[in-house]
Amino acid sequence: MRKKIVAGNWKMNKTAAEAVALAAEVAALVKSDVPSNVQVIMAPPSLFISEVNKATEGIANLSVSAQTCHEKASGAYTGEISAPMLASAGVPYVILGHSERRQYFQESNAQLAAKVDAALENKLTPIFCCGESLELREGGEFLAFVAQQLTESLFHLSAEAFGQVVIAYEPIWAIGTGLTASSAQAQEMHAYLRQHIAGKYGQAVADACSILYGGSCNAQNAAELFACADVDGGLIGGASLKAGDFITIAKSF
Ligand code: 13P
């Protein structure tokens, strides 16, 4: 059985006090309301990871994640944080390749391959994001484009290493726009990616890989999306900033 995962990407939101308050609210609700087979993850701004991590203590199905990391272990990279730093702070997950990182920080598939390696070497679980622009969707080449993102950033991994990776499909046109992919569009892409993974690593590895959907997923539409055979959860932006909405999503399987 694949892991069911609901991860909240807080992006560049919340002050220190707000982050602590949201983490506490989420922690209380995960304890009381979320089934133990659903892994809930909070990805706060890096400044607050340690504080937010404290709220997850003693709750097996609640974890913290970073929103990115650098591919180098240390050095003169002002403003960056590395995978060994995250590991040393007890952080189990790192989001890599979010479309905002690709767009605003020019992260390429090759650089992301190096970041994935850095994460795995430090026993962090990468939540690897992929997804197409509206232009690509309308041009009809979107399935092959997203598959290529996996090929270029992940397919150098051994089957064992690939087995540690979580994938998040986030169509760029659906992020923060209120334009969710329909469940049919999400299922089409997720099934295609699973088949692509099977072609490289075999069916057993593909069947074990959790593929999350992200892009305007909210408390109203999560249940329909999560009901799709190949959708194993969500990567949530805006709706993860309110504990009640986020937990409703985590209960939508
Ligand atoms: P929204 O849920 O705000 O559309 O953001 C999705 C996302 O980018 C999560 O990483």
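Please read these numbers as outputs of a predicted model, since none were measured by experiment.

Side note on the side chain of T68
Part 1 of the reasoning: Tracing the backbone through its elements, the reader meets T68 in the loop between strand 3 (62-66) and helix 3 (83-88).
Part 2 of the reasoning: Excluding residues within four positions of it along the chain, T68 makes contact with I81, L86, V94, I95, L96, R101, E107 and K115.

A few points about the UniProt feature "active site" (unreviewed entry) in the chain
Part 1 of the reasoning: The sites that carry the UniProt feature "active site" (unreviewed entry) are, in the present numbering, H98 and E170. These annotated residues cover 73 residues of sequence, but their C-alpha atoms sit close together, with the largest distance between any two at 8.3 Å.
Part 2 of the reasoning: Setting aside residues no more than four positions away along its own chain, H98 makes contact with N9, K11, C129, E170 and I175.
Part 3 of the reasoning: In this fold, E170 is placed in the loop between strand 6 (166-169) and helix 9 (183-201).
Part 4 of the reasoning: Excluding residues that lie within four positions of it along the chain, E170 makes contacts with H98, C129, C130, G131, E132, I175, G214, G215 and L235.

So, the environment of N9
Part 1 of the reasoning: With respect to the helices, strands and loops of the structure, N9 is situated in strand 1 (residues 4-9).
Part 2 of the reasoning: Through-space distance from the C-alpha of N9 to that of G237 is 5.0 Å; in sequence the pair is 228 residues apart.
Part 3 of the reasoning: Beyond its immediate chain neighbours, meaning those up to four positions away, N9 contacts A43, Q67, I95, H98, L235, I236, G237 and S240.
Part 4 of the reasoning: One polar contact links the side chain of N9 to the main-chain amide nitrogen of K11, over a distance of 3.0 Å.

Description of the packing of aromatic side chains
Part 1 of the reasoning: Tallied over the full model, the rule gives five aromatic pairs.
Part 2 of the reasoning: Ring centres of F155 and F162 lie 6.2 Å apart, and the angle between their planes is 70°; this geometry places the pair in the edge-to-face category.
Part 3 of the reasoning: Where F226 meets F253, the ring centres are 4.6 Å apart and the plane angle is 25°; that geometry is what we call stacked. Here the residue F226 occupies a position in helix 11 (residues 222-226), and F253 occupies one in the segment after helix 12 (243-250), the gap between them amounting to 27 residues.
Part 4 of the reasoning: Looking at F226, the relative accessible area reads 6%, which means it is buried.
Part 5 of the reasoning: Among the aromatic residues, those joined into a ring-pair cluster are F155, F162 and Y201.
Part 6 of the reasoning: A cation over an aromatic ring shows up here: R101 above the ring of F105, its NZ or CZ 4.0 Å from the ring centre.
Part 7 of the reasoning: When the ring centre of F142 is taken as reference, the NZ or CZ atom of R137 above it lies at 3.8 Å.

How each quantity is defined
- Residues numbered from 1 in each chain as written.
- Predicted model: local features only at pLDDT ≥ 70, side-chain atom pairs only at ≥ 80, totals over all residues.
- Heavy atoms only, no water.
- Helix = DSSP H or I, 4+ residues; strand = E, 2+ residues; numbered from the N terminus.
- Contact = heavy atoms within 4.5 Å.
- UniProt positions renumbered as here; feature names shortened; annotations may be inferred.
- Polar contact = N/O pair within 3.5 Å; in protein donor to acceptor, adjacent residues only side chain to side chain.
- Phe/Tyr/Trp six-rings, centres within 6.5 Å; stacked < 30°, edge-to-face > 60°.
- Buried < 20%, exposed > 50% of the residue type's maximum accessible area, 1.4 Å probe, protein only.
- Lys NZ or Arg CZ within 6 Å of the ring centre and 35° of its normal.

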